[in-house]
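Residues per chain, in single letters:
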Amino acid sequence: MRLISAILLTLGLTSALLVAAPAAAAPTSVCGSTLTSADRARIVELSSYDAGSHELPLVQLRRNVERLYGIVDILTENNDRRGLFALGLASVERDAVMPLQDRPAVFQTPRWAPVTSLTLLNRFLDAVREEFGGRPVPGQWRHYFDLAADCRVPGQRVAMAGYNAHITVDLAYATADSRATTANARDFFFIVDSIAAHGNSIVTSTIREYGVDLGPIFRFYVLGEGLDRVVGAGRATGPMLRAADVGYNVLTFRNGLALQDRTSAAGARGDVRGLWNTGEAALTAFQDAGLIR
């Protein structure tokens, strides 16, 4: 009960985070990592892509995944903590997403599947370009980057802020961006379930590159019952990624559909913000309770 009370109190402190932050130059040093100006310029270059491209989505996706790999190489080589989430994202793109996308016959709607993966990846690339280019960053990513720059914040907490931003906010908006319909539900759940099944790739790569063990908190929060304990009251989430009748990914997909409808978009934006706040409050409470180190 004390953990849940702490979460509820923390909710009031995070409610204003989902807004664009003022433009500011990306810090040159993040907890001991010093990127050169050439490194920062290269990250901006890699995170820039042709948003108006008429190439097939799968072609664009392959190219932008390669861009992500280049960004991860720079950040990990410099031990820059802003790469904690990017590294995990690159791992699942390599081990889960691209192997599926390269086999279009596994999807019920093969033309749609790469579109949603592309729009989701591009949202993170946009945030990276804005961060290192000194432009306003969406609130959920501003929060992540700020945590990464605060050396007092454990690496586990930093990484999980990235996963919360990606799964709760960006995935919902990417679903809307891809013009998803209920006909795409099976493929949506198939993709996210495959990602969840490769969670060990995230854990292994993060330990190897940063010495941060995400295993316990990742299994609890993303693959286990963590949010079930705090959402509750008829809105139990189930595993955050694993397919379930009332799972977190169902709420995300529902929000993605609702964001496309003018009559429901405002409510959906509020739901996305509320879920993200709940996740951040839970993670903060877990940290305060010593469950995140």
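Residues numbered from 1 in each chain as written. Predicted model: local features only at pLDDT ≥ 70, side-chain atom pairs only at ≥ 80, totals over all residues. Heavy atoms only, no water.

Chemist: Just checking my understanding: could you explain the overall build of the protein for this structure?
Modeler: What the protein contains, in helices and strands, is 13 helices and two strands. Counting contacts in the protein only where the partners sit at least 6 residues apart, residues at least 24 apart contribute 75% of the total. Element-wise, carbon and sulfur atoms account for 55% of the exposed surface of the protein, whose accessible area totals about 12,500 Å². (Helix = DSSP H or I, 4+ residues; strand = E, 2+ residues; numbered from the N terminus. Contact = heavy atoms within 4.5 Å. Areas by Shrake-Rupley, 256 points an atom, 1.4 Å probe, with all protein chains shown as cover.)

Chemist: Looking at this structure, I do not really get the pattern of salt bridges. What am I missing?
Modeler: Oppositely charged side chains can form a pair if their charged atoms are brought close together. If you walk through the whole model with that rule in mind, you get 15 salt bridges. A network of salt bridges, in which partner residues are shared, links Asp80, Arg82, Glu131, Arg142 and Asp146. (Salt bridge = Lys/Arg side-chain N within 4 Å of Asp/Glu carboxyl O.)

Chemist: What should I look at first to understand the layout of surface pockets in this one?
Modeler: The probe, sized like a water molecule, is rolled over the atoms to show the empty space still left. One number sums up the size of the second largest pocket: a volume of about 200 Å³. Residue lining of the second largest pocket: Tyr49, Asp50, Ala51, Pro57, Gln60, Val115, Leu118, Thr119, Asn122, Arg123, Asp126 and Asp177, and that is the complete set. Only helix H3 (57-77) and helix H5 (113-132) provide two or more residues apiece to the lining of the second largest pocket. Here the lining of the second largest pocket gets six residues from one element, more than from any other, and that element is H5. Per-class residue counts for the lining of the second largest pocket are five nonpolar, three polar and four charged. (1 Å grid on protein atoms, 1.4 Å probe; cavity = no way out; pocket = protein on both sides within 12 Å on 5 of 7 lines; lining within 4 Å. Points joined across faces, edges and corners; volume = space filled by probe spheres on them. Nonpolar A, V, L, I, M, F, W, Y, C, P; charged D, E, K, R; others polar.)

Chemist: Could you clarify how one ought to interpret the confidence of the model for the protein in this entry?
Modeler: Segments scoring low in pLDDT should not have their predicted coordinates read at a detailed level. Of all residues in the protein, 80% have pLDDT values of 70 or greater, and the mean over the chain is 84. Below a pLDDT of 50 lies the segment residues 223-228, which in the model reaches 18 contacts outside its immediate sequence neighbourhood of four places, other chains included. Note that pLDDT drops below 50 for residues 230-246; the model gives that stretch 48 contacts with residues more than four away or on any other chain. (pLDDT = per-residue confidence, 0-100.)

Chemist: Looking at this structure, how should I read the environment of Gly256?
Modeler: Tracing the sequence through the fold places Gly256 in helix H12 (residues 248-258). Expressed as a C-alpha distance, the spacing of Gly256 and Ala172, which sit 84 residues apart in the sequence, is 4.4 Å. Ignoring sequence-local partners within four residues, the contact set of Gly256 consists of Ala172, Thr175 and Ala176.

Chemist: Even after reading the chapter, I still don't get the side chain of Arg157, so can you show me in this structure?
Modeler: Within the secondary structure, Arg157 is located in helix H7 (residues 155-177). Here the side chain of Arg157 touches Glu280 through a polar contact of 2.6 Å, side chain to side chain. Residues contacting Arg157, with those up to four places away along its chain left out, are His143, Leu147, Glu280, Leu283, Thr284, Gln287 and Ile292. (Polar contact = N/O pair within 3.5 Å; in protein donor to acceptor, adjacent residues only side chain to side chain.)

Chemist: I keep staring at the nonpolar core and nothing clicks. Help me out?
Modeler: Ile43, Leu68, Phe124, Trp141, Tyr144, Tyr163 and Leu214 are the most contacted members of the largest nonpolar core, which has 68 residues in total. No other element matches helix H4 (residues 83-101), which puts 11 residues into this core. Every residue in contact with Tyr144, bar those within four places of it in the chain, is listed here: Arg81, Arg82, Gly83, Leu84, Phe85, Ala86, Val158, Ala161 and Gly162. (Core = buried A, V, L, I, M, F, W, Y, C linked by side-chain atoms within 4.5 Å. Buried < 20%, exposed > 50% of the residue type's maximum accessible area, 1.4 Å probe, protein only.)

Chemist: Help me out: how do you make sense of unusual backbone geometry in this one?
Modeler: Trans is the common state for peptide bonds, and a negative phi is the common state for residues other than glycine. One non-glycine residue, Asn79, lies in positive phi territory at about 55 degrees. With respect to the helices and strands, the residue Asn79 is situated in the loop between H3 and H4. On the basis of relative accessible area, Asn79 is assigned to the partly exposed category, the value being 40%.

Chemist: Got a minute to help me understand H3 in this structure?
Modeler: Counting along an α-helix, one turn takes 3.6 residues, and residues three or four places apart therefore face a common direction. Helix length check: H3 (21 residues) gives 30 Å between terminal C-alpha atoms against 30 Å at 1.5 Å per residue, within 8%. Those residues of H3 that sit buried are Leu58, Gln60, Leu61, Asn64, Val65, Leu68, Gly70, Ile71, Val72, Ile74, Leu75 and Thr76. Against helix H2 (37-46), H4, H5 and helix H9 (199-210) lie the buried residues of H3. (Expected span 1.5 Å × (residues − 1).)

Chemist: Explain the packing of H2 against H3 here, please?
Modeler: For any two helices packed against each other, the geometry comes down to the angle between their axes and how far apart the axes lie. With their axes 9 Å apart at the nearest point, H2 and H3 run at an angle of 160 degrees to one another. Taken together, the axes of H2 and H3 are roughly antiparallel relative to one another. When you trace H2 past H3, the crossing you get is left-handed. Contact residues: H2 offers Asp39, Arg42, Ile43, Glu45 and Leu46, while H3 offers Arg67, Gly70, Ile71, Ile74 and Leu75. When the residues that make up the contact of H2 with H3 are grouped by side-chain class, the tally is five nonpolar, one polar and four charged. (Axes fitted to C-alpha atoms, helices over the stretch in contact; angles between N-to-C directions. Parallel < 35°, antiparallel > 145°, perpendicular 65-115°, else oblique. Left-handed = near helix turned anticlockwise from the far one by under 90°.)

Chemist: Which parts of the structure should I look at to understand the packing of aromatic side chains?
Modeler: Here a ring pair, both rings aromatic, is described through the centre-centre distance and the interplanar angle of the planes. Applying the stated criterion to the full structure yields 11 aromatic pairs. Taken together, Phe85, Phe124, Trp141, Tyr144, Phe145 and Tyr163 form an aromatic cluster joined through their ring pairs. (Phe/Tyr/Trp six-rings, centres within 6.5 Å; stacked < 30°, edge-to-face > 60°.)

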